[in-house]
Amino acid sequence: MMTILGIPVQALFGQLLLGLINGAFYAMLSLGLALIFGLLNIVNFSHGALYMMGAFVAWLLLNFLGMGYWTALIVTPVVVAIFGMIVERTMLRRLYKLDHLYGLLLTFGLALIIEGAFRQLYGISGMPYAVPKELQGGWNLGFMFLPIYRGWVVVASLVLCLGSWLLIEKTKLGSYLRAATENPSLVQAFGINVPMMVTLTYGFGVALAAIAGVLAAPIYSVNPLMGSNLIIVVFAVVVIGGMGSILGAVITGFMLGLVEGLTKVFYPEAASTVIFVVMAIVLMIKPAGLFGKRS
Amino acid sequence: MPEPHILLSVKDLHAHYGESHVLHGMTFDVPKGEVVTLLGRNGVGKTSTMRSVMGIVAKRAGSIRYGGVETIAMPSNKIARLGLAYCPEERGIFSSLSVRENMLLPPIIKPGGMPLEEVYQLFPRLLERANSQGTKLSGGEQQMLAIARILRTGAEMLLLDEPTEGLAPVIVQHIGEIIRELRKRGFTILLVEQNFHFAATVADRHYVVEHGQVIDMIPNEDLTANMDKLKTYLGV
(Lines give C-alpha, C1' and ligand atoms only; values in the text may rest on other atoms or scores of the structure.)
Protein backbone atom coordinates (compact mmCIF):
# COMPACT_ATOMS: atom_id res chain seq x y z
CA MET A 1 0.00 0.00 0.00
CA MET A 2 1.26 3.48 -0.91
CA THR A 3 2.03 5.85 1.94
CA ILE A 4 2.90 9.54 2.33
CA LEU A 5 4.84 10.50 5.44
CA GLY A 6 3.94 7.12 6.84
CA ILE A 7 0.20 7.66 6.31
CA PRO A 8 -1.68 5.38 3.91
CA VAL A 9 -2.75 7.38 0.86
CA GLN A 10 -6.30 6.09 1.16
CA ALA A 11 -6.63 7.46 4.70
CA LEU A 12 -5.03 10.77 3.78
CA PHE A 13 -7.35 11.44 0.85
CA GLY A 14 -10.33 10.11 2.76
CA GLN A 15 -9.74 12.67 5.49
CA LEU A 16 -9.06 15.41 2.99
CA LEU A 17 -12.39 14.68 1.34
CA LEU A 18 -14.14 14.80 4.72
CA GLY A 19 -12.37 18.06 5.37
CA LEU A 20 -13.46 19.43 2.02
CA ILE A 21 -17.06 18.49 2.74
CA ASN A 22 -16.98 20.10 6.16
CA GLY A 23 -15.34 23.07 4.48
CA ALA A 24 -18.18 23.23 1.96
CA PHE A 25 -20.67 23.62 4.80
CA TYR A 26 -18.48 26.10 6.66
CA ALA A 27 -18.21 28.16 3.48
CA MET A 28 -21.95 28.24 2.73
CA LEU A 29 -22.86 29.14 6.30
CA SER A 30 -20.14 31.70 6.89
CA LEU A 31 -20.90 33.35 3.54
CA GLY A 32 -24.46 33.98 4.72
CA LEU A 33 -23.26 35.15 8.13
CA ALA A 34 -20.77 37.57 6.57
CA LEU A 35 -23.41 38.95 4.23
CA ILE A 36 -25.89 39.45 7.07
CA PHE A 37 -23.31 40.98 9.38
CA GLY A 38 -22.17 43.38 6.67
CA LEU A 39 -25.56 44.81 5.82
CA LEU A 40 -27.65 44.24 8.97
CA ASN A 41 -24.96 44.62 11.61
CA ILE A 42 -26.42 41.48 13.20
CA VAL A 43 -24.32 38.57 14.44
CA ASN A 44 -26.84 35.94 13.43
CA PHE A 45 -26.54 33.26 16.07
CA SER A 46 -29.67 31.57 14.73
CA HIS A 47 -27.83 30.61 11.55
CA GLY A 48 -27.13 27.09 12.77
CA ALA A 49 -30.76 26.59 13.75
CA LEU A 50 -31.87 27.80 10.31
CA TYR A 51 -29.46 25.30 8.71
CA MET A 52 -31.03 22.58 10.86
CA MET A 53 -34.47 23.84 9.83
CA GLY A 54 -33.40 23.41 6.21
CA ALA A 55 -32.63 19.75 6.81
CA PHE A 56 -35.89 19.26 8.72
CA VAL A 57 -38.05 20.98 6.14
CA ALA A 58 -36.57 18.70 3.49
CA TRP A 59 -37.32 15.69 5.69
CA LEU A 60 -40.87 16.89 6.39
CA LEU A 61 -41.50 17.59 2.70
CA LEU A 62 -40.42 14.04 1.89
CA ASN A 63 -42.32 12.30 4.64
CA PHE A 64 -45.55 14.31 4.62
CA LEU A 65 -45.83 15.59 1.05
CA GLY A 66 -43.76 13.01 -0.76
CA MET A 67 -41.50 15.68 -2.23
CA GLY A 68 -38.15 14.29 -3.27
CA TYR A 69 -34.63 15.63 -2.81
CA TRP A 70 -34.46 17.78 -5.95
CA THR A 71 -37.79 19.50 -5.30
CA ALA A 72 -36.79 19.99 -1.67
CA LEU A 73 -33.59 21.66 -2.78
CA ILE A 74 -35.73 24.41 -4.38
CA VAL A 75 -38.70 24.54 -2.00
CA THR A 76 -36.82 24.36 1.31
CA PRO A 77 -34.72 27.53 0.96
CA VAL A 78 -37.85 29.43 -0.06
CA VAL A 79 -39.81 28.21 2.97
CA VAL A 80 -36.98 28.84 5.45
CA ALA A 81 -36.14 32.22 3.88
CA ILE A 82 -39.76 33.33 4.30
CA PHE A 83 -39.55 32.33 7.95
CA GLY A 84 -36.29 34.30 8.23
CA MET A 85 -37.72 37.38 6.54
CA ILE A 86 -40.69 37.39 8.91
CA VAL A 87 -38.23 37.29 11.83
CA GLU A 88 -36.29 40.18 10.25
CA ARG A 89 -39.38 42.31 9.70
CA THR A 90 -40.90 41.72 13.11
CA MET A 91 -37.86 41.48 15.40
CA LEU A 92 -34.36 42.08 14.00
CA ARG A 93 -35.40 45.37 12.38
CA ARG A 94 -35.78 46.97 15.82
CA LEU A 95 -32.16 46.27 16.76
CA TYR A 96 -30.10 47.74 13.91
CA LYS A 97 -29.27 50.94 15.74
CA LEU A 98 -28.31 49.18 18.96
CA ASP A 99 -25.11 47.46 20.02
CA HIS A 100 -24.25 44.12 18.32
CA LEU A 101 -24.85 42.42 21.64
CA TYR A 102 -28.63 42.83 21.38
CA GLY A 103 -28.78 41.17 17.97
CA LEU A 104 -26.60 38.38 19.25
CA LEU A 105 -28.83 37.83 22.28
CA LEU A 106 -32.03 37.84 20.25
CA THR A 107 -30.75 35.46 17.59
CA PHE A 108 -29.20 33.20 20.24
CA GLY A 109 -32.59 33.07 21.97
CA LEU A 110 -34.29 32.32 18.68
CA ALA A 111 -31.83 29.50 18.02
CA LEU A 112 -32.67 27.96 21.40
CA ILE A 113 -36.41 28.23 20.73
CA ILE A 114 -36.17 26.73 17.23
CA GLU A 115 -33.93 23.90 18.40
CA GLY A 116 -36.04 23.28 21.47
CA ALA A 117 -39.19 23.07 19.38
CA PHE A 118 -37.71 20.49 17.01
CA ARG A 119 -36.22 18.52 19.88
CA GLN A 120 -39.60 18.46 21.60
CA LEU A 121 -41.25 17.18 18.42
CA TYR A 122 -38.65 14.79 17.06
CA GLY A 123 -36.21 13.90 19.84
CA ILE A 124 -32.47 13.92 19.38
CA SER A 125 -31.80 10.54 17.82
CA GLY A 126 -31.80 11.89 14.29
CA MET A 127 -33.79 10.81 11.26
CA PRO A 128 -32.29 9.20 8.19
CA TYR A 129 -32.61 10.94 4.85
CA ALA A 130 -31.71 8.78 1.87
CA VAL A 131 -29.19 9.84 -0.73
CA PRO A 132 -31.16 10.55 -3.93
CA LYS A 133 -30.86 7.61 -6.29
CA GLU A 134 -29.16 9.65 -9.03
CA LEU A 135 -26.27 10.32 -6.65
CA GLN A 136 -25.89 6.92 -5.01
CA GLY A 137 -22.74 4.87 -5.32
CA GLY A 138 -19.29 6.16 -5.94
CA TRP A 139 -16.22 6.23 -8.14
CA ASN A 140 -12.97 4.45 -7.51
CA LEU A 141 -10.37 7.08 -8.33
CA GLY A 142 -7.48 4.67 -7.80
CA PHE A 143 -6.05 6.49 -4.83
CA MET A 144 -9.41 6.71 -3.05
CA PHE A 145 -13.10 5.90 -3.24
CA LEU A 146 -15.27 8.99 -3.89
CA PRO A 147 -18.95 8.69 -2.96
CA ILE A 148 -20.81 10.58 -5.69
CA TYR A 149 -23.05 12.39 -3.23
CA ARG A 150 -20.08 13.86 -1.39
CA GLY A 151 -18.53 15.05 -4.61
CA TRP A 152 -21.85 16.66 -5.47
CA VAL A 153 -21.97 18.53 -2.16
CA VAL A 154 -18.53 20.01 -2.76
CA VAL A 155 -19.37 21.03 -6.33
CA ALA A 156 -22.78 22.46 -5.36
CA SER A 157 -21.24 24.48 -2.56
CA LEU A 158 -18.50 25.83 -4.82
CA VAL A 159 -21.07 26.85 -7.44
CA LEU A 160 -23.29 28.54 -4.83
CA CYS A 161 -20.40 30.40 -3.23
CA LEU A 162 -18.94 31.49 -6.56
CA GLY A 163 -22.39 32.51 -7.82
CA SER A 164 -23.04 34.57 -4.70
CA TRP A 165 -19.65 36.22 -5.00
CA LEU A 166 -20.26 37.13 -8.66
CA LEU A 167 -23.72 38.46 -7.78
CA ILE A 168 -22.28 40.69 -5.07
CA GLU A 169 -19.11 41.86 -6.83
CA LYS A 170 -20.10 42.04 -10.47
CA THR A 171 -23.75 43.04 -10.77
CA LYS A 172 -25.74 46.23 -10.38
CA LEU A 173 -27.73 44.65 -7.57
CA GLY A 174 -24.47 43.75 -5.87
CA SER A 175 -23.25 47.34 -6.15
CA TYR A 176 -26.40 48.48 -4.29
CA LEU A 177 -25.64 45.91 -1.64
CA ARG A 178 -22.00 46.93 -1.23
CA ALA A 179 -22.95 50.62 -1.15
CA ALA A 180 -25.70 50.03 1.41
CA THR A 181 -23.26 48.10 3.57
CA GLU A 182 -21.09 51.25 3.67
CA ASN A 183 -23.72 53.97 3.92
CA PRO A 184 -27.34 52.79 3.97
CA SER A 185 -28.96 56.18 4.50
CA LEU A 186 -27.27 57.72 1.45
CA VAL A 187 -28.20 54.77 -0.76
CA GLN A 188 -31.78 55.16 0.41
CA ALA A 189 -31.63 58.90 -0.30
CA PHE A 190 -30.80 58.01 -3.90
CA GLY A 191 -34.22 56.38 -4.15
CA ILE A 192 -33.41 52.76 -3.35
CA ASN A 193 -35.69 50.90 -0.97
CA VAL A 194 -32.97 49.89 1.49
CA PRO A 195 -35.26 48.37 4.16
CA MET A 196 -36.62 46.00 1.49
CA MET A 197 -33.08 45.20 0.38
CA VAL A 198 -32.12 44.41 3.96
CA THR A 199 -35.03 41.98 4.30
CA LEU A 200 -34.17 40.25 1.02
CA THR A 201 -30.49 40.03 1.96
CA TYR A 202 -31.38 38.38 5.23
CA GLY A 203 -33.65 36.03 3.30
CA PHE A 204 -30.80 35.23 0.92
CA GLY A 205 -28.36 34.46 3.75
CA VAL A 206 -30.98 32.28 5.42
CA ALA A 207 -31.72 30.51 2.12
CA LEU A 208 -28.02 29.62 1.80
CA ALA A 209 -28.12 28.10 5.28
CA ALA A 210 -31.27 26.16 4.38
CA ILE A 211 -29.72 24.81 1.17
CA ALA A 212 -26.71 23.74 3.22
CA GLY A 213 -29.15 21.95 5.53
CA VAL A 214 -30.76 20.06 2.64
CA LEU A 215 -27.34 19.12 1.26
CA ALA A 216 -26.31 17.92 4.73
CA ALA A 217 -29.40 15.80 5.39
CA PRO A 218 -28.20 12.65 3.55
CA ILE A 219 -24.70 12.94 5.04
CA TYR A 220 -25.24 13.73 8.70
CA SER A 221 -28.88 12.58 9.16
CA VAL A 222 -31.51 15.06 10.31
CA ASN A 223 -31.01 16.02 13.92
CA PRO A 224 -32.24 19.04 15.92
CA LEU A 225 -28.73 19.61 17.27
CA MET A 226 -26.91 19.49 13.95
CA GLY A 227 -26.84 23.29 13.77
CA SER A 228 -25.48 24.02 17.21
CA ASN A 229 -22.68 21.50 16.63
CA LEU A 230 -21.61 23.47 13.60
CA ILE A 231 -22.29 27.08 14.42
CA ILE A 232 -19.39 27.66 16.81
CA VAL A 233 -16.90 26.47 14.21
CA VAL A 234 -18.62 28.60 11.57
CA PHE A 235 -18.25 31.66 13.76
CA ALA A 236 -14.56 30.89 14.14
CA VAL A 237 -14.38 30.73 10.34
CA VAL A 238 -16.04 34.13 10.01
CA VAL A 239 -13.69 35.65 12.57
CA ILE A 240 -10.63 34.16 10.87
CA GLY A 241 -11.80 35.28 7.43
CA GLY A 242 -12.65 38.77 8.65
CA MET A 243 -16.12 39.91 9.71
CA GLY A 244 -18.16 40.99 6.72
CA SER A 245 -15.74 39.77 4.04
CA ILE A 246 -17.62 37.58 1.54
CA LEU A 247 -14.64 36.14 -0.30
CA GLY A 248 -12.78 35.75 2.98
CA ALA A 249 -15.61 33.67 4.42
CA VAL A 250 -15.69 31.31 1.45
CA ILE A 251 -11.94 30.77 1.12
CA THR A 252 -11.47 30.43 4.89
CA GLY A 253 -14.37 27.97 5.07
CA PHE A 254 -12.82 25.55 2.61
CA MET A 255 -9.31 26.11 3.92
CA LEU A 256 -10.22 25.35 7.52
CA GLY A 257 -12.17 22.27 6.50
CA LEU A 258 -8.97 20.98 4.91
CA VAL A 259 -6.85 21.97 7.90
CA GLU A 260 -9.25 20.07 10.13
CA GLY A 261 -9.10 17.03 7.84
CA LEU A 262 -5.31 17.02 7.78
CA THR A 263 -5.17 17.33 11.54
CA LYS A 264 -7.37 14.25 11.80
CA VAL A 265 -4.74 12.33 9.86
CA PHE A 266 -1.62 13.51 11.64
CA TYR A 267 -2.80 14.28 15.16
CA PRO A 268 -6.44 13.25 15.60
CA GLU A 269 -6.57 14.43 19.23
CA ALA A 270 -6.32 18.06 18.07
CA ALA A 271 -8.86 17.81 15.23
CA SER A 272 -11.69 19.47 17.12
CA THR A 273 -9.57 22.29 18.50
CA VAL A 274 -7.26 23.11 15.60
CA ILE A 275 -9.64 25.70 14.16
CA PHE A 276 -9.70 27.62 17.41
CA VAL A 277 -5.93 27.50 17.63
CA VAL A 278 -5.80 28.98 14.12
CA MET A 279 -8.34 31.59 15.22
CA ALA A 280 -6.23 32.62 18.22
CA ILE A 281 -3.11 32.92 16.08
CA VAL A 282 -4.85 34.93 13.35
CA LEU A 283 -6.39 37.27 15.90
CA MET A 284 -2.98 37.92 17.42
CA ILE A 285 -1.36 38.69 14.06
CA LYS A 286 -4.26 40.23 12.11
CA PRO A 287 -7.06 41.26 14.48
CA ALA A 288 -9.36 42.17 11.58
CA GLY A 289 -9.09 38.65 10.12
CA LEU A 290 -7.26 37.36 7.06
CA PHE A 291 -9.44 39.22 4.55
CA GLY A 292 -10.95 41.88 6.79
CA LYS A 293 -10.38 45.59 6.48
CA ARG A 294 -9.34 47.52 9.54
CA SER A 295 -12.39 49.27 10.89
CA MET B 1 -51.20 76.36 -1.80
CA PRO B 2 -47.68 77.47 -2.70
CA GLU B 3 -47.17 79.67 -5.74
CA PRO B 4 -46.80 77.53 -8.83
CA HIS B 5 -43.19 78.50 -9.49
CA ILE B 6 -42.06 77.45 -6.00
CA LEU B 7 -40.52 73.99 -6.33
CA LEU B 8 -39.56 73.40 -2.71
CA SER B 9 -41.42 75.00 0.14
CA VAL B 10 -40.25 74.45 3.72
CA LYS B 11 -42.48 75.73 6.52
CA ASP B 12 -41.87 75.68 10.25
CA LEU B 13 -39.51 72.71 10.00
CA HIS B 14 -38.31 71.20 13.27
CA ALA B 15 -35.80 68.36 13.51
CA HIS B 16 -34.22 66.32 16.29
CA TYR B 17 -31.16 64.14 16.57
CA GLY B 18 -31.97 61.97 19.53
CA GLU B 19 -32.61 64.42 22.34
CA SER B 20 -31.12 67.49 20.70
CA HIS B 21 -33.44 69.84 18.89
CA VAL B 22 -31.48 71.12 15.88
CA LEU B 23 -34.02 72.91 13.68
CA HIS B 24 -36.39 75.42 15.26
CA GLY B 25 -38.90 76.31 12.59
CA MET B 26 -36.96 76.67 9.34
CA THR B 27 -39.05 78.42 6.70
CA PHE B 28 -37.90 79.13 3.15
CA ASP B 29 -38.88 78.66 -0.49
CA VAL B 30 -36.84 77.53 -3.46
CA PRO B 31 -38.26 78.81 -6.76
CA LYS B 32 -37.96 76.54 -9.79
CA GLY B 33 -34.82 77.13 -11.83
CA GLU B 34 -33.02 79.16 -9.17
CA VAL B 35 -29.84 78.54 -7.24
CA VAL B 36 -30.61 79.21 -3.59
CA THR B 37 -28.08 79.09 -0.78
CA LEU B 38 -28.33 78.51 2.92
CA LEU B 39 -25.62 80.62 4.51
CA GLY B 40 -24.59 80.48 8.12
CA ARG B 41 -21.96 79.57 10.61
CA ASN B 42 -20.94 76.04 11.52
CA GLY B 43 -23.58 74.10 13.41
CA VAL B 44 -26.57 76.38 12.76
CA GLY B 45 -28.56 73.61 11.04
CA LYS B 46 -27.78 73.95 7.32
CA THR B 47 -26.80 70.32 6.83
CA SER B 48 -29.64 69.18 9.09
CA THR B 49 -32.04 71.10 6.87
CA MET B 50 -30.78 69.27 3.79
CA ARG B 51 -30.91 65.93 5.56
CA SER B 52 -34.47 66.70 6.67
CA VAL B 53 -35.54 67.66 3.16
CA MET B 54 -34.09 64.34 1.92
CA GLY B 55 -35.84 62.47 4.73
CA ILE B 56 -32.61 61.19 6.26
CA VAL B 57 -33.34 62.79 9.63
CA ALA B 58 -36.02 60.55 11.05
CA LYS B 59 -37.48 62.92 13.65
CA ARG B 60 -38.80 65.90 11.74
CA ALA B 61 -42.00 67.94 11.97
CA GLY B 62 -43.57 70.84 10.12
CA SER B 63 -44.06 70.94 6.39
CA ILE B 64 -41.79 70.22 3.41
CA ARG B 65 -43.58 70.39 0.08
CA TYR B 66 -41.87 69.43 -3.13
CA GLY B 67 -43.79 70.27 -6.31
CA GLY B 68 -46.86 70.63 -4.09
CA VAL B 69 -46.45 67.15 -2.52
CA GLU B 70 -46.10 66.97 1.26
CA THR B 71 -43.02 64.86 2.11
CA ILE B 72 -42.72 65.31 5.86
CA ALA B 73 -43.80 61.72 6.60
CA MET B 74 -42.24 59.99 3.57
CA PRO B 75 -39.27 57.63 3.72
CA SER B 76 -36.23 59.04 1.98
CA ASN B 77 -36.31 56.64 -0.99
CA LYS B 78 -39.83 57.91 -1.85
CA ILE B 79 -38.75 61.53 -1.49
CA ALA B 80 -35.84 60.95 -3.86
CA ARG B 81 -38.22 59.49 -6.43
CA LEU B 82 -40.19 62.76 -6.53
CA GLY B 83 -37.16 64.31 -8.22
CA LEU B 84 -34.64 65.36 -5.58
CA ALA B 85 -31.00 64.30 -5.54
CA TYR B 86 -28.50 64.78 -2.77
CA CYS B 87 -24.76 65.40 -2.71
CA PRO B 88 -23.69 65.13 0.95
CA GLU B 89 -21.03 67.22 2.63
CA GLU B 90 -18.77 64.21 3.19
CA ARG B 91 -19.34 63.39 -0.52
CA GLY B 92 -20.42 59.82 0.14
CA ILE B 93 -18.14 58.13 -2.36
CA PHE B 94 -18.29 54.37 -1.81
CA SER B 95 -14.91 52.74 -1.31
CA SER B 96 -16.09 49.24 -2.22
CA LEU B 97 -17.33 50.54 -5.60
CA SER B 98 -15.30 51.61 -8.61
CA VAL B 99 -15.64 55.13 -10.00
CA ARG B 100 -17.92 53.75 -12.72
CA GLU B 101 -20.07 51.87 -10.20
CA ASN B 102 -20.31 55.01 -8.07
CA MET B 103 -21.39 56.94 -11.16
CA LEU B 104 -24.07 54.42 -12.07
CA LEU B 105 -25.28 53.77 -8.52
CA PRO B 106 -28.11 56.33 -8.18
CA PRO B 107 -31.02 54.81 -10.10
CA ILE B 108 -32.80 56.70 -12.89
CA ILE B 109 -35.90 58.08 -11.22
CA LYS B 110 -37.41 60.03 -14.12
CA PRO B 111 -36.79 60.39 -17.83
CA GLY B 112 -35.00 63.54 -18.96
CA GLY B 113 -31.78 63.22 -16.96
CA MET B 114 -28.48 64.23 -18.44
CA PRO B 115 -27.17 61.47 -20.75
CA LEU B 116 -24.06 59.75 -19.43
CA GLU B 117 -21.93 61.01 -22.34
CA GLU B 118 -22.78 64.61 -21.45
CA VAL B 119 -21.96 63.99 -17.80
CA TYR B 120 -18.57 62.70 -18.90
CA GLN B 121 -18.13 65.77 -21.14
CA LEU B 122 -18.55 67.93 -18.06
CA PHE B 123 -16.24 65.70 -16.02
CA PRO B 124 -13.79 64.03 -18.43
CA ARG B 125 -11.48 63.03 -15.58
CA LEU B 126 -14.10 60.61 -14.25
CA LEU B 127 -14.10 58.65 -17.49
CA GLU B 128 -10.32 58.36 -17.42
CA ARG B 129 -10.46 56.99 -13.89
CA ALA B 130 -13.59 54.88 -14.33
CA ASN B 131 -11.93 51.68 -13.13
CA SER B 132 -10.27 53.14 -10.04
CA GLN B 133 -11.62 52.52 -6.60
CA GLY B 134 -13.98 55.40 -5.75
CA THR B 135 -12.06 56.64 -2.75
CA LYS B 136 -8.70 56.55 -4.59
CA LEU B 137 -9.71 59.78 -6.36
CA SER B 138 -8.40 63.11 -5.11
CA GLY B 139 -10.71 65.23 -2.96
CA GLY B 140 -11.64 67.43 -5.90
CA GLU B 141 -12.33 64.44 -8.14
CA GLN B 142 -14.46 62.83 -5.44
CA GLN B 143 -16.49 66.04 -5.22
CA MET B 144 -16.93 66.03 -9.01
CA LEU B 145 -18.05 62.40 -8.86
CA ALA B 146 -20.52 63.15 -6.07
CA ILE B 147 -22.09 65.88 -8.22
CA ALA B 148 -21.79 64.01 -11.52
CA ARG B 149 -23.57 60.86 -10.39
CA ILE B 150 -26.77 62.72 -9.48
CA LEU B 151 -27.09 64.51 -12.84
CA ARG B 152 -28.13 61.48 -14.87
CA THR B 153 -31.00 60.39 -12.62
CA GLY B 154 -33.62 62.77 -13.97
CA ALA B 155 -33.89 64.68 -10.68
CA GLU B 156 -34.84 68.33 -11.26
CA MET B 157 -33.60 69.58 -7.93
CA LEU B 158 -30.09 69.11 -6.56
CA LEU B 159 -29.11 69.53 -2.94
CA LEU B 160 -25.41 70.32 -2.74
CA ASP B 161 -23.93 70.42 0.74
CA GLU B 162 -20.73 72.51 0.83
CA PRO B 163 -19.34 71.34 -2.50
CA THR B 164 -16.31 73.64 -2.19
CA GLU B 165 -15.24 72.65 1.30
CA GLY B 166 -11.53 71.96 1.62
CA LEU B 167 -10.79 72.30 -2.10
CA ALA B 168 -8.10 74.30 -3.89
CA PRO B 169 -9.21 77.69 -5.34
CA VAL B 170 -8.89 76.50 -8.93
CA ILE B 171 -11.22 73.56 -8.23
CA VAL B 172 -13.64 75.81 -6.38
CA GLN B 173 -13.74 77.97 -9.49
CA HIS B 174 -14.42 74.93 -11.65
CA ILE B 175 -17.28 73.87 -9.38
CA GLY B 176 -18.66 77.40 -9.69
CA GLU B 177 -18.65 77.06 -13.48
CA ILE B 178 -20.41 73.72 -13.23
CA ILE B 179 -23.13 75.08 -10.95
CA ARG B 180 -23.77 77.98 -13.36
CA GLU B 181 -23.88 75.49 -16.24
CA LEU B 182 -26.36 73.29 -14.36
CA ARG B 183 -28.54 76.33 -13.65
CA LYS B 184 -28.50 77.14 -17.37
CA ARG B 185 -29.66 73.62 -18.09
CA GLY B 186 -32.68 74.16 -15.87
CA PHE B 187 -31.68 72.44 -12.63
CA THR B 188 -32.98 73.95 -9.41
CA ILE B 189 -30.24 73.94 -6.80
CA LEU B 190 -30.22 74.28 -3.04
CA LEU B 191 -26.69 74.98 -1.92
CA VAL B 192 -25.23 74.99 1.56
CA GLU B 193 -22.21 77.26 1.83
CA GLN B 194 -20.01 78.88 4.40
CA ASN B 195 -18.07 80.76 1.74
CA PHE B 196 -20.40 83.63 0.76
CA HIS B 197 -17.88 85.00 -1.75
CA PHE B 198 -18.31 81.78 -3.66
CA ALA B 199 -22.08 81.74 -3.07
CA ALA B 200 -22.37 85.24 -4.53
CA THR B 201 -20.93 84.02 -7.85
CA VAL B 202 -23.52 81.29 -8.40
CA ALA B 203 -26.73 82.01 -6.52
CA ASP B 204 -29.97 83.90 -7.11
CA ARG B 205 -30.84 84.34 -3.47
CA HIS B 206 -29.46 83.63 -0.04
CA TYR B 207 -31.16 82.55 3.16
CA VAL B 208 -29.23 83.31 6.31
CA VAL B 209 -29.56 80.60 8.95
CA GLU B 210 -28.96 80.94 12.67
CA HIS B 211 -29.95 78.64 15.55
CA GLY B 212 -31.97 76.39 13.28
CA GLN B 213 -34.04 79.21 11.79
CA VAL B 214 -33.95 81.41 8.72
CA ILE B 215 -33.33 84.92 9.99
CA ASP B 216 -33.03 86.80 6.71
CA MET B 217 -33.33 86.50 2.94
CA ILE B 218 -31.06 88.49 0.66
CA PRO B 219 -31.50 88.48 -3.14
CA ASN B 220 -28.11 88.12 -4.80
CA GLU B 221 -28.35 91.53 -6.50
CA ASP B 222 -28.68 93.18 -3.06
CA LEU B 223 -25.76 91.29 -1.59
CA THR B 224 -23.18 94.09 -1.92
CA ALA B 225 -25.55 96.59 -0.32
CA ASN B 226 -26.09 94.19 2.58
CA MET B 227 -22.50 93.11 3.01
CA ASP B 228 -22.11 94.63 6.49
CA LYS B 229 -25.28 93.01 7.77
CA LEU B 230 -24.22 89.65 6.29
CA LYS B 231 -20.78 89.87 7.86
CA THR B 232 -22.39 90.43 11.24
CA TYR B 233 -24.63 87.39 10.73
CA LEU B 234 -21.75 85.18 9.75
CA GLY B 235 -19.34 86.60 12.28
CA VAL B 236 -16.57 87.27 9.78
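One structure accompanies this document, and this report is about it.

### Some points on the overall build of chain B
Line of reasoning, step 1. Secondary structure assignment for chain B yields nine helices and ten strands.
Line of reasoning, step 2. For chain B, whose C-alpha radius of gyration is 17 Å, the value lies close to the compact-globule estimate of 18 Å for 236 residues.
Line of reasoning, step 3. Dimensions of chain B, computed from C-alpha atoms along their principal axes, come out at roughly 45 × 40 × 35 Å.
Line of reasoning, step 4. Of all 236 residues assigned to chain B, the portion counted as buried reaches 55%.
Line of reasoning, step 5. Put simply, chain B shows about 9,800 Å² of open surface, and 53% of that area lies on carbon and sulfur atoms.
Line of reasoning, step 6. Side-chain charges of chain B comprise 25 positive and 26 negative groups, with the mean position of each set lying 5 Å from the other.

### Some details on the environment of A:Pro8
Residues and elements named next belong to chain A.
Line of reasoning, step 1. For Pro 8, the location among the structural elements is in strand S2 (residues 7–8).
Line of reasoning, step 2. Take Pro 8: its relative accessible area is 30%, and that puts it in the partly exposed class.
Line of reasoning, step 3. Sequence separation of Pro 8 and Phe 143 is 135 residues, and the distance between their C-alpha atoms is 9.8 Å.

### Some thoughts on the side chain of B:His206
Residues and elements named next belong to chain B.
Line of reasoning, step 1. By the element assignment, His 206 lies in strand S9 (residues 205–210).
Line of reasoning, step 2. A residue is classified by how much of its surface remains accessible, and His 206, at 0% relative accessible area, is buried.
Line of reasoning, step 3. For His 206, the side chain forms a polar contact with the side chain of Asn 220, separated by 2.6 Å.
Line of reasoning, step 4. When near neighbours in sequence (up to four residues on either side) are disregarded, His 206 contacts Thr 37, Leu 39, Ala 199, Ala 200, Asp 216, Met 217, Ile 218, Asn 220 and Leu 223.

### Observations concerning the packing of helix H2 (residues 47–65) of chain A against helix H9 (residues 226–241) of chain A
Residues and elements named next belong to chain A.
Line of reasoning, step 1. It is at 8 Å that the axes of H2 and H9 come closest, and there the two elements cross at 140°. Of the possible angle classes, the one that applies to H2 and H9 is oblique. Considering the relative orientation of H2 and H9, their crossing is right-handed. Facing His 47, Gly 48, Tyr 51, Met 52 and Ala 55 of H2, the residues of H9 in contact are Met 226, Gly 227, Leu 230 and Ile 231.
Line of reasoning, step 2. Residue composition of the contact of H2 with H9, grouped by class: six nonpolar, three polar and no charged.

### Some details on the sheet that holds strand S5 (residues 69–70) of chain B
Line of reasoning, step 1. The strand order S2-S1-S4-S5 (chain B) describes an open sheet built from four strands, whose pairing is antiparallel. Each edge of the open sheet is held by one strand with a lone partner, namely strand S2 (20–31) and S5 of chain B.

### Digging into the interface of chain B and chain A
Line of reasoning, step 1. The interface of chain B with chain A comprises 23 residues on the first partner and 17 residues on the second.
Line of reasoning, step 2. Roughly 1,700 Å² is buried in total at the junction of chain B and chain A, and carbon and sulfur atoms are behind 57% of that figure.
Line of reasoning, step 3. Looking only at chain B, the three residues that lose the most surface to chain A are B:Asn77, B:Phe94 and B:Leu105, adding up to 32% of its buried area.
Line of reasoning, step 4. Across the contact surface, chain B and chain A share one salt bridge.
Line of reasoning, step 5. Between B:Glu101 and A:Arg178 there is a salt bridge, and its shortest N-O distance comes to 2.7 Å.
Line of reasoning, step 6. Linking chain B with chain A are eight residue pairs in polar contact (both at pLDDT 80 or more), by the criterion used here.
Line of reasoning, step 7. Elements represented by at least two residues in the side of chain B that touches chain A include exactly helix H2 (76–81) and helix H3 (99–104) of chain B.
Line of reasoning, step 8. A per-element tally of the side of chain B that touches chain A places H2(B) first, with four residues.
Line of reasoning, step 9. Of the residues in the side of chain B that touches chain A, the class split is 15 nonpolar, five polar and three charged.

Calculation criteria
Residues numbered from 1 in each chain as written. Chains lettered and ligands numbered in written order. Predicted model: local features only at pLDDT ≥ 70, side-chain atom pairs only at ≥ 80, totals over all residues. Heavy atoms only, no water. Helix = DSSP H or I, 4+ residues; strand = E, 2+ residues; numbered from the N terminus. Rg over C-alpha atoms; globule rule 2.2 N^0.38 Å. Buried < 20%, exposed > 50% of the residue type's maximum accessible area, 1.4 Å probe, protein only. Areas by Shrake-Rupley, 256 points an atom, 1.4 Å probe, with all protein chains shown as cover. Lys, Arg positive; Asp, Glu negative; His and termini not counted. Charge placed at Lys NZ, Arg CZ, Asp CG, Glu CD. Polar contact = N/O pair within 3.5 Å; in protein donor to acceptor, adjacent residues only side chain to side chain. Contact = heavy atoms within 4.5 Å. Axes fitted to C-alpha atoms, helices over the stretch in contact; angles between N-to-C directions. Parallel < 35°, antiparallel > 145°, perpendicular 65-115°, else oblique. Left-handed = near helix turned anticlockwise from the far one by under 90°. Nonpolar A, V, L, I, M, F, W, Y, C, P; charged D, E, K, R; others polar. Pairing = 2+ DSSP bridges. Buried area = accessible area lost by both parts, 1.4 Å probe. Salt bridge = Lys/Arg side-chain N within 4 Å of Asp/Glu carboxyl O.

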